[in-house]
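Spelled out from the first residue to the last, the chains are:
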Amino acid sequence: MRYLTLKNGLLAIAVAGLITAGCLVSGTFVVVESVNFEFTANTGFYWYPVDLTDNEEWEDHEEDIDDIDALGLEFLIENTSSQTCELNVWFVAATGDADPNTLTPPTQIPTSGTVHVVKNLVVAAGATRKVSYQESVGFLTGAQLEAFKKIILSGRFDYFGTSCGGTGDDEFRVTQGKIIITVSASST
Amino acid sequence: MRRVLIIVAVGLLMTAVTASAQPGVKLGVGGFAGLSIPVIQDDQESGSEFGFKARWGLGKILVVEPNVTFTKWGKPGTVEGVDLGIDGSKLTGIGLDLVLGNSPGALGLKPYFMAGFGSYKVKNDDTGYDESNLGWNAGLGIGFGVSPKFDLDIRGKVVVAPQDQGSKKAFGIVAGLNFNFGSGIGAI
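In this text, all values refer to a predicted model and were calculated from it rather than measured experimentally.

Asks: Just checking my understanding: could you explain the overall build of chain A for this structure?
Replies: A tally of helices and strands in chain A yields four helices and nine strands. Ordering the α and β elements of chain A from the N terminus gives α-β-β-β-α-β-β-β-β-α-α-β-β. Of all 188 residues assigned to chain A, the portion counted as buried reaches 47%. Contacts in chain A between residues at least 24 apart in sequence constitute 88% of all its contacts with a sequence separation of at least 6. As displayed, chain A offers around 9,000 Å² of accessible surface, 50% of which is attributable to carbon and sulfur atoms.

This is the structure:
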């Protein structure tokens, strides 16, 4: 009898623990957002609007996201020019429509609210360089990483990039862009 | 919190050793190893776990087990075409389990129920993720008393490690070997 009472007590504690932890349905999910830009830096400047709310995986968990566990990028750079180039990338929260075909492209990087994610990434003349998720998760730490997370959590943001300007077509291209977001989400 | 738990665990161990000279005392130490399966974690695959525990039999059915467990989850697979390329996280737990059944030194099959709490640290060197919090675990197992001095033990358990937001969960299946001592062991 005493055994059963103790056993039932421990079972009750376990169930109560599950409920109070608010984690009956929770997990860690990886969201991959493809950014279909063709970064052709003839002018040394590029902009692309991103709307995560169209992403199916993001949509599934958007209301239940607790935190972003990790944040990274993946992209391929081809520098066919005769000079070494440096790539810089900023993100900034935005609002409204994210169709690059209907929006008027900005001509400069916003002066506030930006997070400088890729800093002076060197690509040698004639070189191709792939930036992997593993490499990019180390780009930001501390307050800068937290600011980047806030921008991503907003769901709608703009991407700005700069590189050396070119004179010919496609001398510096960034393609196969992806933003990879690992989120913790829970619901009761 | 971790320090407090270590002090409690060491204190219990020392108390147990001191008490081992008392009549009827049942004590034990053991090691275990097995499989850890992350639950709803896109960024982890199954991995291994191992650990050590002390055992203190109180009465005929209750056993107190201070323990330390080291878990290493596996590398995540490809997510939506992206090879994340990072290592799985490490989960380190220092805790105290209460076991109903599986009394040290009792012979034959000994089904049991267990539940416990502890400090759980989840760390990933690649992403910089690092969080510690108080969590809990519960499960069922079967002990087999080979002799008064040795018990075999197979246990299935769920581990819930709450984070600042959300939680990390895993199923564990471990097998272990326990060595029993204390004046109560020979009396069985």
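Once the structure has been displayed, the description carries forward.
Asks: Whenever I open this one, the pattern of salt bridges confuses me. Can you help?
Replies: It is possible for side chains of opposite charge to pair when their charged atoms get near one another. Under the definition given, this model contains 18 salt bridges over all chains. Between Asp 69 of chain A and Lys 168 of chain B there is a salt bridge; the shortest N-O distance is 2.5 Å. In this pair, Asp 69 of chain A sits in strand S4 (residues 65–79) while Lys 168 of chain B sits in strand S10 (residues 167–181), so the two residues belong to two different chains. Among the residues examined, Asp 69 of chain A registers a relative accessible area of 8% and is labelled buried. Among the residues examined, Lys 168 of chain B registers a relative accessible area of 4% and is labelled buried. We note a salt bridge from Asp 153 of chain B to Arg 155 of chain B, for which the minimum N-O separation is 3.9 Å. Both residues of the pair, Asp 153 of chain B and Arg 155 of chain B, count as buried. Connected through salt bridges with shared partners, the residues Lys 53, Arg 55, Glu 65, Asp 97, Lys 110, Asp 151, Asp 153 and Arg 155 of chain B form a single ionic network.

Asks: How should the nonpolar core be read in this particular structure?
Replies: A general trend in soluble globular proteins is that nonpolar side chains are found buried together. Ranked by size, the top nonpolar core spans 37 residues in total, and within it Phe 75, Ile 77, Phe 91, Ile 152, Ile 179 and Ile 181 of chain A carry the most contacts. In this view, Phe 75 of chain A contacts Leu 87, Val 118, Leu 121, Arg 129, Lys 130, Val 131, Val 174, Thr 175, Gln 176 and Gly 177 of chain A; residues no more than four positions away in its chain are not counted.

Asks: Is there a simple way to think about the sheet that holds strand S3 (residues 45–51) of chain A in this case?
Replies: Note: strands within a sheet are paired through backbone hydrogen bonds, in either parallel or antiparallel orientation. All names here are of chain A. On the basis of which strands lie adjacent, the open sheet formed by four strands has the order S3-S8-S5-S6 and antiparallel pairing. At either margin of the open sheet sits one strand with a lone partner, and together these are S3 and strand S6 (114–123). Strand-to-strand twist of the sheet, defined as the mean angle between neighbouring strand axes without regard to direction, takes the value 15°. Bridge count for S3 against strand S8 (residues 156–162) is seven bridges, and the pairing is antiparallel. For Val 50, the partnering residue across the bridge sits in S8 and is Phe 157. Each of strand S5 (85–93), S6 and S8 is contacted by helix H4 (residues 142–153), which is oriented at about 110° to S6, the strand it contacts most.

The rules behind the values
- Residues numbered from 1 in each chain as written.
- Chains lettered and ligands numbered in written order.
- Predicted model: local features only at pLDDT ≥ 70, side-chain atom pairs only at ≥ 80, totals over all residues.
- Heavy atoms only, no water.
- Helix = DSSP H or I, 4+ residues; strand = E, 2+ residues; numbered from the N terminus.
- Buried < 20%, exposed > 50% of the residue type's maximum accessible area, 1.4 Å probe, protein only.
- Contact = heavy atoms within 4.5 Å.
- Areas by Shrake-Rupley, 256 points an atom, 1.4 Å probe, with all protein chains shown as cover.
- Salt bridge = Lys/Arg side-chain N within 4 Å of Asp/Glu carboxyl O.
- Core = buried A, V, L, I, M, F, W, Y, C linked by side-chain atoms within 4.5 Å.
- Pairing = 2+ DSSP bridges.
- Axes fitted to C-alpha atoms, helices over the stretch in contact; angles between N-to-C directions.

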